[in-house]
Amino acid sequence: MKEKEFENIFLEKSIGEINQIPAKTLTEIALSGRSNVGKSSLLNSIISKKIAYTSKNAGKTILINFYKAKNFRIADVPGYGFSLKSRNEKTRFNKLTDEYFNSKRPDCVLQLIDSRHDLHDNDKQMINFLSETKIKFYIILTKVDKLSNSQYEQFYLNLKSQISIISQNYSEIIRVSAKTGLNINKIRSLIISEAKNSRWY
Ligand code: GTP
Ligand code: MG
């Protein structure tokens with residue numbers, strides 16, 4: 001039933017400049033996080049198809065890719081926190097991501113954090129930004145299949161206390177694995193519920 005909402009999703013548009021953005025006609029969920037955190041992999045798991053490019057190398061997604069379904073859009077936004085070789089590309093990338101989030105377009109942001117690493121400064125900045133701009137956001141801990149339960153517990157408690165210093169405004173912390181499928185259904189439900197509760201529905 002849940003999967004049905006994701007069945008006919010397709011890559012609607014890839015944009016390299018903010019003025020190419022599709023008109024806002026639907027609830028928009030954005031995937032945000034450092035490069036390589038697993039944004040595109042999470043998207044593929046949610047829609048049960050390999051639609052988004054994933055890579056071991058950081059910086060695979062350099063355009064904002066909009067995936068459109070009947071009741072919502074998902075934006076796969078370029079990851080932050082890596083250096084591109086070309087100065088021009090780097091300028092464009094930072095500008096595009098900044099402009100996108102500054103436009104406050106997303107109705108909800110899934111802020112991904114790699115469960116093997118501590119919060120980086122740019123994660124903290126992003127969480128702070130989301131909190132201050134009052135965009136609804138969830139913290140999604142990725143790649144939890146790489147941790148044992150006790151390692152996860154330790155990581156979770158540490159992360160929660162680090163985040164609480166920056167923000168109390170997040171909706172929930174959810175751990176996921178694109179590899180094992182852990183909590184992927186929960187993310188699907190969350191997206192559907194965001195769509196149903198929005199003025200676009
Ligand atoms: P950019 O496009 O560069 O911003 O990266 P991204 O955030 O889209 O990351 P991507 O989905 O391309 O994943 C990066 C790497 O992590 C790939 O090698 C994935 O196979 C791996 N990966 C992603 N999710 C998981 C997971 O849940 N478990 C494990 N074990 N590996 C994962
Ligand atoms: Mg990607």
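Residues numbered from 1 in each chain as written. Chains lettered and ligands numbered in written order. Predicted model: local features only at pLDDT ≥ 70, side-chain atom pairs only at ≥ 80, totals over all residues. Heavy atoms only, no water.

It is worth spelling out the pattern of salt bridges at this point. Oppositely charged side chains can form a pair if their charged atoms are brought close together. Under the criterion given, the structure shown has 8 salt bridges. Notably, a salt bridge pairs Glu 12 with Arg 73, separated by 2.6 Å at the nearest N-O pair. Taken as a pair, Glu 12 in strand S1 (residues 10-15) and Arg 73 in strand S4 (residues 72-76) lie far apart in primary sequence, 61 residues in all. A relative accessible area of 2% places Arg 73 in the buried class. Glu 194 serves as the salt-bridge partner of Lys 136, at 2.8 Å between the closest nitrogen and oxygen. Of this pair, Lys 136 sits in strand S6 (residues 136-142) while Glu 194 sits in helix H6 (residues 184-196); the two residues are 58 residues apart in sequence, bridging distant segments of the chain. You can call Lys 136 partly exposed: its relative accessible area is 35%. Glu 194 gets classed as buried once you look at its relative accessible area, which sits at 12%. (Salt bridge = Lys/Arg side-chain N within 4 Å of Asp/Glu carboxyl O. Helix = DSSP H or I, 4+ residues; strand = E, 2+ residues; numbered from the N terminus. Buried < 20%, exposed > 50% of the residue type's maximum accessible area, 1.4 Å probe, protein only.)

Core analysis: the largest hydrophobic core is formed by 29 residues, its most contacted members being Ile 64, Tyr 100, Ile 113, Ile 139, Leu 141 and Leu 159. Looking at this core, the elements with two or more residues in it are strand S3 (64-68), helix H3 (87-102), strand S5 (108-114), helix H4 (121-133), S6 and helix H5 (149-166). Examining the composition of this core, we find that 5 residues originate from one element, H5, more than from any other. Beyond its immediate chain neighbours, meaning those up to four positions away, Leu 159 contacts Ile 113, Leu 119, Ile 139 and Leu 141. Counting residues in hydrophobic clusters, the runner-up holds 27 residues, among them Phe 6, Ile 46, Tyr 67 and Ile 192. (Core = buried A, V, L, I, M, F, W, Y, C linked by side-chain atoms within 4.5 Å. Contact = heavy atoms within 4.5 Å.)

Bringing the sheet that holds S1 into the picture now. Read from one edge to the other, the open sheet built from 7 strands follows the order S1-S3-S4-S2-S5-S6-S7, with strand pairing classed as mixed. The sheet is open, and its two edges are formed by S1 and strand S7 (173-175), each paired on a single side. Here the average twist between neighbouring strands, direction ignored, is 25 degrees. Bridge analysis of S3 against S4 gives 4 bridges, and the strand direction is antiparallel. Within the sheet, the bridge partner assigned to Lys 68 lies in S4 and is Arg 73. Contacts from helix H2 (residues 39-47) reach strand S2 (27-33), S3, S4, S5 and S6, with the element oriented near 140 degrees to S2. Where H4 meets the sheet, its contacts fall on S2, S5 and S6, and the angle it forms with S5 comes to roughly 160 degrees. (Pairing = 2+ DSSP bridges. Axes fitted to C-alpha atoms, helices over the stretch in contact; angles between N-to-C directions.)

Turning our attention to unusual backbone geometry. Located in the positive-phi region is Ser 48, a residue other than glycine, with phi close to 55 degrees. Inspection of the secondary structure assignment puts Ser 48 in the loop between H2 and S3. Despite not being glycine, Lys 104 has its phi angle at roughly 55 degrees, a positive value. Inspection of the secondary structure puts Lys 104 in the loop between H3 and S5.

At a closest axis distance of 9 Å, the pairing of H2 and H6 adopts a crossing angle of 85 degrees. When the axes of H2 and H6 are compared, the pair comes out roughly perpendicular. Of the residues in H6, those in contact with Leu 42, Ser 45 and Ile 46 of H2 are Ile 184, Ile 187, Arg 188 and Ile 191. Among the residues forming the contact of H2 with H6, the class breakdown is 5 nonpolar, 1 polar and 1 charged. (Parallel < 35°, antiparallel > 145°, perpendicular 65-115°, else oblique. Nonpolar A, V, L, I, M, F, W, Y, C, P; charged D, E, K, R; others polar.)

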